[in-house]
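# A closer look at the structure
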Amino acid sequence: MLIAIDTETTLIKDRAFIQTRSGSRVRTEPFTVPQLACGSFTEKKRDGTLDTRLRDPEDTVDEVTDMLRNGDTLVMHNAMFDIQVLIEAGVPKELFMAALDKGRIHDTMYLHLLIGLAKGRYEIPKWVRGTWQTEEFRVLSLKGLAREYLGLDLAKDETVRCNFGDYIGRFDELPEEFAHYAKKDAEVTMRVFLEMRRQINEDCLGWMSEAIQLRCAWVFAQMDRRGVRIDQKLAQTLEVEFSRYLEQPRADMVQAGLGSWEAEPGTAKRSALDVEPDKYRPGLESGVWVLEGDQAVKVRRFKRRVHEWVGEPKFKLNTRAIQARLDPVAEGLHKKAPMRADGTLKLEYDFWHEHAPADDAPLQTWLEHEKIKKVLTAYLFVYAQCQRVYARWNVMGAKSGRTSASSTSVQNVPKRRLGIRSLFLPDPGHVFVISDFSAQELFTLAQTMKDMGIEGPLMTACRQFDRGRGPDLHRFGAGLVLEKPMDQVTKEERQGQKALHFGVPGGLGAPKLCEYAFKTYGVRWTVDETKRRLALFFKAFPDFKEYLSRFNTSRHAALMAVTGRGEAWWRQELILEGWNTIREMLRYPDPDVQEIAEKADRQQVAVIRTGRRRGYCRYTEAANFGFQGLAADVSKEAMWLAESRGLEMKLFCHDELVVQCRPEHAEAVKDQLEGCMFEAFERVCPDVGKYAGVESEIADRWGKTTDISGEVLKVE
C-alpha cells in the first residue's frame, strides 16, 4: 500500500551558534527533535481517489509501526525530519532502518533533485533580464514542489504552522483550521509524488538511486546530532602560524600591483610635522599607504609641512588588476568563468585554481594568498572560537552525486596538507578508526567501462590489485606506459601516472592536463610533453580512449539534433571563420544563437548502474559522471552499512569514512568497518568491487599536525 505521511510538531528549537570573524554562523549545539503533535496520512485507493485522515500522537505511532511491519511503502517530504520525530515519539528505529534498506520509503525532496538532474533542468542556461541564468541545484520546500508539479499555491498560515505545540495532550480540541492545514500537507505530498512517478514512468527514468540517497541521509542525520570535537588550542596556534605566512605573498602582490595597504577604518591617527618636506623620508611615495613593521603608514607632503598617518594595517586586493590578468583566460572558457552582475569576473579561488595559467607568477602568488586566506577564514577563525561543531551535511551536494558539508565545510578540509584535519578529535576516552578506499575512482571507472562493454588494461590492473595484495595501480600503469619494469618506476613517474589516471577519463586535453598535473601532483610537464605522454598513455590503455570516444558527439551531429541544420549551414548563416563552430556560436552577440550553441554543446545523457542520470551534459561532464557518481554511491552505501551495523560515524569525505570507538575495541571496529566498505563496493560494483582495496588506521585525531610548510608539529 502507498501512504503519504506528514507530521506536525512543536516549534523546532533554534540551535546555539557562534558568529565567526569571517562572518559565518557555526552551530555549536545538536539538533533537538521536536515533539509530535499529530500525524496526517493520505492513501491512494484502488479507484484512484485519495483518502486523508488525522491522528493523535499515540495513534500516529501505532499506525506507522503497523505500516512498517506490514511492508507498506511510505512517502514523505524531508523524510529524515519526520522519521526522527516518529522515532522520538515511539516508532521502533529498526523498523525504519529495515524500510530504508529495502527501498520502501520515498522522499519528494530528493526525487525532485534526481528528476531535475535526469532531465537536465540545472544545465542549460536561459537568457533572463539580460543575463544567462540556470535553475539552482537545491532542494525545494513542499510549497515549492506544489507550485512546480501541481501549479498549486499551497497556503502556509504561520499562526497555524507555529502553534501545533499548544495542543499537545489536547488533540480533541484541535481547531478545524489546524486539522485542515495538517491534512493538506499529507495530501499535497501524495499528489506531488504521484506526478513525479508519472514523469518517471513516462520518461523511463527509474528511481535514479533514490534509495541510496535516503540511506545516506539517515547516516547524516545521526552525524548531525553527534557533532565533532575540536582542538581549540591547536587551532589558535595554527591561526598565528598561517597569518604570519601571508606576509610574503602580500608583499609580492603589492610589488606586482595586485594589492595595496591601507589603514583599518577608525584606526588612523594623523600628526603634523614641522620638517623640510623634500628631506623627510624621500623614498616614501606621497599619499600611498605602506606597511612598516606592524603598522600602516602614509605620508602627505605639502610646501612647508608634512602630515603623517599611522594605523592598523589592512591588506586590499587590486581587483581590477587581477581581473585584467584573467580576462584573456576567461575569453577561452566560453561563458564558464564566474561573472558578477556588472559583467566583471568573480575572483573565486576554487574556479581560478583550476584555470589560471601555471606560468603566470603574479596570479599564482594571488592564488597562494587566497588559499591561505581561505584556510584562515573557513577553518581556523572558526575552530579557534569553538570546542565542538555540528556541520550541515548535504546528501546531494553536487550534480555528480557527491556529498558536501557546510557550516563548517568539513569535506573541503585539505587531506594531507596544512594540518587542518588534525583539529578534529574523537570524544574523550575514544579513538578514531579512519578508512579510505584505494584509488576508488579507478575501480568505479573500470566498472563503468565494463557496463559499456569496454574491457582492457584497466580491468586487468584492478584484478591484479586484489585488495592491495597485488601491484600498485599507478606503478603498474606507469610501467605499461613507459614500457619498463614496475620496480624501476620512480616516484615522479608514479605521480605523473596518477595525473593521467585521474585526469584523462575526465576528458582533459593536453593544456588542461598539464595544469592539472602540476597543481594536483606537482608534476611539471610542458604542453608538448603532455601531448607525448597522452599518446603513450592511449597506446598502453586503449580502453580509456574507447571510453572517451563514447561521449564525443560531432559538432555537425549536435547542431543537427538541436536545429535540423548542420555545421556548414550555421557557418555560412552567421559568417563564422573559426574552426570550432559551436564555440564561435557561444560567443555570438545574439542570445538566441548562444542558447542554440549551449544546447548543441550539451547532447550527452549519462547513466550509472545505480540508476542515477544526468541529462544535457557536456562531453567532460558526461565522462566524469560515470565514475565519480558511482564512487559517490559506493561511499554512501558503505556509510549506511557501517551505521546500520552499530558503528558510530563521525566524519566523511568522499572516499574516507571515520568512526569512533573505545580504544580496546579499535582493532575489531577496524575489521568491521573495512568489511562494510568491501561489501558496499561489491554491492554497487560487482565486477570490480571484490578487488578494491581499503587503507585503515587507528588515530587520536583525524590527520597529522603540520605547519604551513608541512613540517610535523608536536602536540601536547
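All values reported here derive from a predicted model rather than from experimental measurement.

### Comments concerning the overall build of the protein
In terms of regular secondary structure, the protein is built from 26 helices and 26 strands. Here the C-alpha atoms of the protein give a radius of gyration of 29 Å, agreeing with the 27 Å that 2.2 N^0.38 yields for 716 residues. Taken along the three principal axes of its C-alpha coordinates, the protein extends 95 × 65 × 65 Å. Excluding contacts between residues fewer than 6 apart, the proportion of contacts in the protein whose partners are at least 24 apart in sequence is 67%.

### A few points about the environment of S438
Summarising the element assignment, S438 is placed in strand 21 (residues 431-438). For the pair formed by S438 and F465, sequence separation is 27 residues and the distance between their alpha carbons is 10.0 Å. Other than its neighbours up to four places away in sequence, S438 contacts F443, F465, G693, V694 and E695.

### Remarks on the nonpolar core
Counting 167 residues, the largest nonpolar core has F96, Y383 and I420 as its most contacted members. It is helix 25 (residues 619-644) that provides the largest number of residues to this core, a total of 11 residues. Here I420 is in contact with F242, V375, Y379, L380, Y383, V413 and P414, once residues within four sequence places are set aside.

### Describing the packing of aromatic side chains
Throughout the structure, instances matching the rule amount to 22 aromatic pairs. Considering the side-chain rings of Y122 and F137, the 5.0 Å spacing of their centres and the 80° angle between planes classify their relative orientation as edge-to-face. Separated by 15 residues along the polypeptide, Y122 in the loop between helix 4 (108-118) and strand 8 (126-128) and F137 in the loop between strand 9 (131-133) and helix 5 (142-150) bring together distant segments of the chain. Classification of Y122 by relative accessible area gives buried; the value is 1%. With relative accessibility at 19%, the residue F137 sits in the buried group. For the pair Y167 and F178, a centre-to-centre distance of 5.3 Å together with 65° between the ring planes defines the contact as edge-to-face.

### Some points on a negative patch on the surface
On the surface, a cluster of negative charge is contributed by E58, D59, D62 and D66. Using a relative accessible area of 45% as the deciding quantity, one classes D62 as partly exposed.

### Overview of the sheet that holds strand 25 (residues 656-661)
Taking strand neighbours across the sheet as the criterion, the 4 strands line up as 24-25-21-26 in an open arrangement whose pairing is antiparallel. The open sheet has two edge strands with one neighbour each: strand 24 (648-653) and strand 26 (693-699). Neighbour-to-neighbour, the strand axes of this sheet turn through a mean angle of 20°, independent of strand direction. Looking at chain direction, strand 24 and strand 25 are connected through 5 bridges and run antiparallel.

### Some remarks on the side chain of Q411
With respect to the element layout, Q411 can be found in the loop between strand 19 (404-406) and strand 20 (424-425). In this structure, Q411 is in contact with W393, T403, S404, A405, F652, C653 and H654, ignoring residues within four places of it in sequence.

### Looking at the pattern of salt bridges
Tallied over the full model, the rule gives 51 salt bridges. Of the charged contacts, one joins E63 and R55 as a salt bridge, the two residues approaching to 2.7 Å between their closest N and O atoms. A salt bridge links D231 to R701, with the nearest nitrogen and oxygen atoms 3.1 Å apart. On the criterion of sequence distance, the pair formed by D231 in the loop between strand 10 (228-230) and helix 9 (232-245) and R701 in the segment after strand 26 is long-range, its members being 470 residues apart. Counted as one network, the salt bridges with shared partners bring together E123, K399, E598, D601, R602, R614, R618 and E621.

So, how was this worked out
Residues numbered from 1 in each chain as written. Predicted model: local features only at pLDDT ≥ 70, side-chain atom pairs only at ≥ 80, totals over all residues. Heavy atoms only, no water. Helix = DSSP H or I, 4+ residues; strand = E, 2+ residues; numbered from the N terminus. Rg over C-alpha atoms; globule rule 2.2 N^0.38 Å. Contact = heavy atoms within 4.5 Å. Core = buried A, V, L, I, M, F, W, Y, C linked by side-chain atoms within 4.5 Å. Buried < 20%, exposed > 50% of the residue type's maximum accessible area, 1.4 Å probe, protein only. Phe/Tyr/Trp six-rings, centres within 6.5 Å; stacked < 30°, edge-to-face > 60°. Patch = residues over 30% accessible without salt bridge, like charges linked within 9 Å, V, L, I, M, F, W, Y side chains within 5 Å. Areas by Shrake-Rupley, 256 points an atom, 1.4 Å probe, with all protein chains shown as cover. Salt bridge = Lys/Arg side-chain N within 4 Å of Asp/Glu carboxyl O. Lys, Arg positive; Asp, Glu negative; His and termini not counted. Charge placed at Lys NZ, Arg CZ, Asp CG, Glu CD. Pairing = 2+ DSSP bridges. Axes fitted to C-alpha atoms, helices over the stretch in contact; angles between N-to-C directions.

Remember that the coordinates give geometry; whether it matters functionally is a separate question.
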